[in-house]
Amino acid sequence: MVDYHAANNQSAGGVQTYMEQENDWDRDLLLDPAWEKQQRKTFTAWCNSHLRKAGTQIDNIEEDFRDGLKLMLLLEVISGERLPKPERGKMRVHKINNVNKALDFIASKGVKLVSIGAEEIVDGNAKMTLGMIWTIILRFAIQDISVEETSAKEGLLLWCQRKTAPYKNVNVQNFHISWKDGLAFNALIHRHRPDLIDYDSLRKDDPVTNLNNAFEVAEKHLDIPKMLDAEDIVGTLRPDEKAIMTYVSCFYHAFSGAQKAETAANRICKVLAVNQENEQMMEDYEKLASDLLEWIRRTIPWLENRTQEKTVKDLQAKQEDFRDYRTVHKPPKVQEKCQLEISFNTLQTKLRLSNRPAFMPSEGRMVSDINLAWLSLEGAEKGYEEWILSEIRRLERLEHLAEKFHQKAAIHESWTDGKEAMLTQKDYETSTLSEVKALLRKHEAFESDLAAHQDRVEQIAAIAQELNELDYYDAASVNARCQKICEQWDSLGSLTQRRKESLERTEKQLETIDELYLEYAKRAAPFNNWMEGAMEDLQDMFIVHNIEEIQGLITAHEQFKSTLPEANKEREAIQAIQAEVQKIAQSNGIKLSGANPYTTITPQSIDSKWEKAMAMVPQRDNALQDELNKQNSNDSLRATFATQANTVGAYIQAKMEEIGRISIEMNGTLEDQLTNLKEYQKSILSYMPEINKLEGYHQHIQEALIFDNQYTSYTMEHLRVGWEQLLTTIARTINEVENQILTRDAKGISQEQLYEYRASFNHFDKKRSGQMVSDDFRALLISTGNSLGDAEFNRIMGIVDPNSTGTVTFQAFIDFMSRETTDTDTADQVIASFKILAGDKNFITADELRRELPPDQAEYCIARMAPYTGPDAVPGALDYMSFSTALYGESDL
């Protein structure tokens with residue numbers, strides 16, 4: 001039902017004459033029992049329709065108002081004002097005082113009461129009581145009706161005539177016989193709620209059915225109580241005018257209020273729908289940003305992990321994990337980052353178009369924060385890849401050095417085996433002079449051999465030191481073995497010196513020396529050492545990374561082979577010395593004791609080692625040739641990768657330049673530009689197989705452990721970054737055009753205006769960068785007819801450049817131009833709409849929201865509205881004013 005509080009503040013002067021005429025109560029008419037019965041029923045139902053709001057009702061209109069209590073309550077409900085406190089006594093004087101308070105309140109509203117006194121009401125005078133109620137109905141239900149400069153009864157009649165004019169068999173000329181057949185009541189309902197009545201099925205010759213149908217529908221669906229009886233109206237020659245007017249006024253208020261409520265509800269629904277969509281976009285952005293930042297947070301420590309591995313195989317497993325990260329895990333995150341920026345820009349555009357505050361993400365989730373975190377991720381990624389490659393080189397070097405160390409150590413340990421026992425023996429004490437001399441010569445040969453091995457010991461120590469410097473994982477065992485070799489070497493030196501001194505003390509007893517044996521020993525020892533060194537070199541492992549390095553090894557090997565003829569001559573000369581010994585012994589009848597007393601190197605061992613060395617030469621040739629073939633293959637891989645990389649790099653550069661040119665040109669409508677850009681994006685995405693092909697070539701290069709490429713300046717990392725920037729740039733350009741379409745459609749900007757804006761912007765964008773500096777932007781504004789002072793220009797810059805970057809984008813420029821020329825919903829408009837739904841109250845209840853708004857938007861308001869705390873608050877009152885202000889203010893709903 002409608003609240004009539006709004007009518008209380010109107011002046012009664014304009015309708016005073018009408019009220020005076022109506023207050024001239026026709027007592028003769030009340031003598032008609034039929035009319036009095038209709039008025040009693042109608043007025044009782046009308047009173048109860050308002051009293052039930054206060055949780056009470058009346059049964060007998062002349063009896064239930066006698067104490068004045070329910071009469072005062074009725075006036076409070078329909079006026080929305082507080083009356084003086086009633087007296088609760090049961091005496092007649094208390095009742096009269098209460099009735100007088102009610103009559104005084106009626107009179108204060110500009111109503112002239114004629115011949116109606118408190119005593120008559122207290123005495124239960126039915127005529128006076130009905131007259132008083134009719135006066136109240138006129139003042140609070142009919143007086144304020146206004147239609148085309150007519151008011152009260154004439155206004156209500158004109159409203160009925162206008163609403164029922166299109167309906168056949170309906171001709172409303174008064175408030176009595178025009179309503180007897182019931183068609184006028186049904187026409188009023190059908191005009192406003194055609195879903196409730198099938199008007200074409202009604203018959204003029206069946207008035208009782210027509211009347212009952214209208215009364216039942218009004219009570220069930222319009223909340224208008226049944227105030228009349230169909231039989232009473234049909235059975236009366238002239239139905240009571242006041243009863244008909246009272247009942248019809250309820251229809252007027254019900255339908256006029258519903259129309260206002262519908263308009264207000266539509267406005268609120270529109271505002272809330274925009275706000276709900278924006279909030280969902282904010283929640284989606286926050287979640288996507290949180291997920292992306294969490295992934296970056298978890299990934300960076302993995303990329304920063306520098307735990308060293310023991311073998312190349314273990315490190316290559318890490319490299320494979322890193323390759324999976326690059327090709328499988330990271331690309332979706334690149335798409336998410338791009339989508340995040342697009343969502344953020346779209347949301348900000350929608351907020352500007354709906355006159356809402358700009359969206360400020362949670363701390364640490366700004367687009368700039370995500371870009372900063374992404375830069376940290378890419379920095380860690382680059383460092384991790386460089387570390388893996390350097391670690392592979394280091395471990396390869398370590399494995400090579402460790403193998404070389406153990407090989408040289410084994411040779412040295414084999415040579416020193418038994419030397420300490422030989423140097424500590426005292427065989428010269430029982431030997432003859434010749435034997436001592438022989439021992440001395442043998443010792444001299446040993447010293448020569450010892451000196452020849454000095455280089456190997458130094459090499460072993462140098463390799464061990466390098467393994468320590470390169471942090472070899474098994475450095476402890478290397479150090480222990482090296483320490484043992486060095487200590488043994490020092491011991492051999494000391495023992496050698498002591499034995500030499502012992503032999504020299506007996507040297508004067510030695511007179512016969514076999515010079516040939518001595519010469520043999522002196523020449524055989526270094527030659528034997530040379531052969532051992534040569535065999536060691538021929539078995540030495542090698543590692544190279546390019547053709548130049550392997551060709552250097554081949555050249556060195558060829559140089560070694562060129563020395564073999566001279567070495568063979570030396571071998572033959574040494575063997576000739578041994579042959580000469582045999583010849584002299586045979587010719588002089590000397591019986592040789594067997595082995596050369598000065599050396600353990602026999603001619604057989606020299607020949608054996610020589611044959612082994614000669615067999616190793618072709619093996620070394622094959623190994624070097626295989627490595628040369630491998631390096632040639634690697635060079636082919638470099639060339640293949642370089643060809644593809646140069647093609648892809650040129651493609652990316654060309655596409656980036658084309659996108660930059662497209663973004664400032666104006667070819668066709670925005671929809672045409674958007675379609676062309678999306679087709680252009682598909683064209684770029686179709687190039688992805690070429691990127692994948694390049695990734696395959698890069699994988700082959702990494703598997704071949706190729707670390708440089710002289711055929712191209714591009715690296716795989718450089719091209720990956722360029723490809724990602726290309727995809728991001730085309731996506732951003734598409735998003736800018738979509739936002740321009742949103743702005744054009746939302747603000748009603750024509751295509752010609754957008755062309756004009758773009759032409760003006762391009763003209764003053766001297767750098768053709770899509771971002772205009774402030775001086776150029778001032779010149780642009782002046783060219784559009786704006787006369788700008790410094791203060792006004794600073795205000796505009798605050799709008800188009802809220803982050804104070806010193807530049808203005810085209811999107812910001814058209815947002816500003818559209819904002820200056822269009823209108824949007826405001827907080828005051830939303831407050832006014834809520835006030836209509838609340839029946840002019842300063843608060844609204846949950847039931848009113850659920851009745852007037854769709855369920856989801858009603859619950860949305862109820863969940864966010866704060867309790868109303870004003871002086872007129874009632875239980876369950878909600879504050880719609882602060883809620884509406886928050887929709888357009890800085891507070892966060």
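These figures come from a predicted structure and were not determined experimentally.

Conventions we followed
- Residues numbered from 1 in each chain as written.
- Predicted model: local features only at pLDDT ≥ 70, side-chain atom pairs only at ≥ 80, totals over all residues.
- Heavy atoms only, no water.
- Helix = DSSP H or I, 4+ residues; strand = E, 2+ residues; numbered from the N terminus.
- Buried < 20%, exposed > 50% of the residue type's maximum accessible area, 1.4 Å probe, protein only.
- Contact = heavy atoms within 4.5 Å.
- Areas by Shrake-Rupley, 256 points an atom, 1.4 Å probe, with all protein chains shown as cover.
- Axes fitted to C-alpha atoms, helices over the stretch in contact; angles between N-to-C directions.
- Parallel < 35°, antiparallel > 145°, perpendicular 65-115°, else oblique.
- Left-handed = near helix turned anticlockwise from the far one by under 90°.
- Nonpolar A, V, L, I, M, F, W, Y, C, P; charged D, E, K, R; others polar.
- pLDDT = per-residue confidence, 0-100.
- Phe/Tyr/Trp six-rings, centres within 6.5 Å; stacked < 30°, edge-to-face > 60°.
- Lys NZ or Arg CZ within 6 Å of the ring centre and 35° of its normal.
- Arc of directions from axis to C-beta.
- Core = buried A, V, L, I, M, F, W, Y, C linked by side-chain atoms within 4.5 Å.
- Salt bridge = Lys/Arg side-chain N within 4 Å of Asp/Glu carboxyl O.

Asks: Can you break down the overall build of the protein chain residue by residue, with the values?
Replies: Each helix and strand in the protein chain was counted, giving 33 helices and 6 strands. Across the 893 residues of the protein chain, 46% fall into the buried class. Of all intrachain contacts in the protein chain linking residues separated by at least 6 positions in sequence, the fraction that spans at least 24 positions is 76%. Total accessible area computed for the protein chain in this model is approximately 44,400 Å², and 50% of it derives from carbon and sulfur atoms.

Asks: Quick rundown of the packing of helix α8 (residues 152-164) against helix α9 (residues 183-192)? Include the residues and the values.
Replies: Packing of α8 against α9 brings their axes to within 9 Å, and their N-to-C directions diverge by 70°. When the axes of α8 and α9 are compared, the pair comes out roughly perpendicular. Of the two possible hands of crossing, α8 and α9 adopt the one that is left-handed. Between α8, through Trp159, Cys160, Arg162, Lys163 and Thr164, and α9, the contact on the second element is made entirely by Ala184, Ala187, Leu188, Arg191 and His192. Residue composition of the contact of α8 with α9, by class: 5 nonpolar, 2 polar and 3 charged.

Asks: Requested: an account of the confidence of the model for the protein chain, with residues and values cited.
Replies: Taken over all residues, the pLDDT of the protein chain has a mean of 80, while the share at 70 or more is 89%. Ignoring residues within four places in sequence, the model shows residues 1-31, a span with pLDDT below 50, making 72 contacts including any to other chains. Ignoring residues within four places in sequence, the model shows residues 509-513, a span with pLDDT below 50, making 19 contacts including any to other chains.

Asks: Which residues make up the packing of aromatic side chains, and what values do they have?
Replies: All told, the structure shown has 26 aromatic pairs when counted by the stated rule. Here the aromatic rings of Trp159 and Tyr252 are separated by 5.1 Å at their centres, their planes lie at 85°, and the arrangement is edge-to-face. In this pair, Trp159 sits in helix α8 while Tyr252 sits in helix α12 (residues 241-304), placing the two residues 93 residues apart along the sequence. The class of Tyr252 is buried, set by a relative accessible area of 13%. Residues Trp295 and Tyr325 carry aromatic rings whose centres are separated by 6.2 Å and whose planes lie at 15° to one another, so their mutual orientation is stacked. You can see Trp295 sitting in helix α12 and its partner Tyr325 sitting in helix α13 (residues 312-353), a full 30 residues away along the chain. Pair check on accessibility: Trp295 and Tyr325 agree, each one buried. Every member of this aromatic cluster is reached through a ring pair, and the members are Phe175, Trp179, Phe185, Phe215, Tyr247, Phe251 and Phe255. The cationic tip of Arg139 hangs over the ring face of Phe140; the distance from NZ or CZ to the ring centre is 5.3 Å.

Asks: Which residues make up helix α28 (residues 790-800), and what values go with them?
Replies: Three or more residues of α28 are buried, namely Phe793, Ile796, Met797 and Val800. Viewed end-on, α28 has its buried residues packed into an arc of 105°, placing them on one side of the element. Away from its buried face, by an angle of more than 90 degrees, α28 presents the exposed residues Ala791 and Asn794.

Asks: Just give me the short version of unusual backbone geometry, but keep the residues and values in it.
Replies: A positive phi angle, close to 65°, is found at Asn169, a residue other than glycine. In this fold, Asn169 is placed in the loop between α8 and α9. One non-glycine residue, Ser804, adopts positive backbone phi at about 55°. Within the element layout of this structure, Ser804 appears in the loop between α28 and β4 (807-809).

Asks: Can you tell me about the nonpolar core, naming the residues and giving the values?
Replies: In this structure, Ile136, Trp179, Phe185 and Phe251 are the most contacted members of the largest nonpolar core, which totals 79 residues. At 11 residues, helix α7 (residues 126-142) tops the list of elements feeding residues into this core. With 47 residues, the next largest nonpolar core counts Met716, Ile734, Phe777 and Leu788 among its residues.

Asks: Can you tell me about the side chain of Arg638, naming the residues and giving the values?
Replies: By the secondary structure assignment, Arg638 is in helix α22 (residues 603-662). The contacts of Arg638, once residues within four sequence positions are left out, are His545, Ile701, Ile706, Asp708, Asn709, Gln710 and Tyr711.

Asks: Give me the lowdown on the pattern of salt bridges, citing residues and values where you can.
Replies: In this structure the tally under the stated criterion is 50 salt bridges. Its salt-bridge partner being Arg523, residue Glu519 comes within 3.7 Å of it at the nearest N-O pair. Highlighted residues: Glu519 and Arg523, both in helix α19 (residues 515-539), separated by 4 residues, approximately one helical turn. Of the charged contacts, one joins Lys841 and Glu848 as a salt bridge, the two residues approaching to 2.9 Å between their closest N and O atoms. Lys841 sits in the partly exposed class, given a relative accessible area of 22%. Glu848 sits in the buried class, given a relative accessible area of 12%. A network of salt bridges, in which partner residues are shared, links Arg326, Lys330, Glu381, Glu695, Glu717, Arg720 and Glu724.

Asks: Can you break down the packing of helix α27 (residues 774-783) against α28 residue by residue, with the values?
Replies: Between α27 and α28, whose axes approach to 12 Å, the crossing angle comes to 110°. Relative to α28, the element α27 is oriented roughly perpendicular. Seen along the crossing, α27 lies across α28 with a hand that is right-handed. Of the residues in α28, those in contact with Ser774, Phe777, Arg778 and Leu781 of α27 are Asp790, Phe793, Ile796, Met797 and Val800.

Asks: Tell me about the side chain of Thr246, and name the residues and values.
Replies: Inspection of the secondary structure puts Thr246 in helix α12. Among the residues examined, Thr246 registers a relative accessible area of 0% and is labelled buried. In this view, Thr246 contacts Thr42, Phe43, Trp46, Trp134, Ile137 and Met227; residues no more than four positions away in its chain are not counted.

Asks: I'd like to hear about the environment of Gly668, residue by residue, with values.
Replies: Mapping Gly668 onto the fold places it in the loop between α22 and α23 (670-685). Once the C-alpha coordinates of Gly668 and Tyr755 are considered, the two residues, 87 residues apart in sequence, prove to be 9.4 Å apart.

Asks: Which residues make up the environment of Leu157, and what values go with them?
Replies: For Leu157, the position within the fold is in helix α8. Judged by relative accessible area, which is 18%, Leu157 ranks as buried. For the pair formed by Leu157 and Val147, sequence separation is 10 residues and the distance between their alpha carbons is 9.2 Å. Residues within four places of Leu157 in sequence aside, it is in contact with Val172, Gln173, Asn174 and Phe175.

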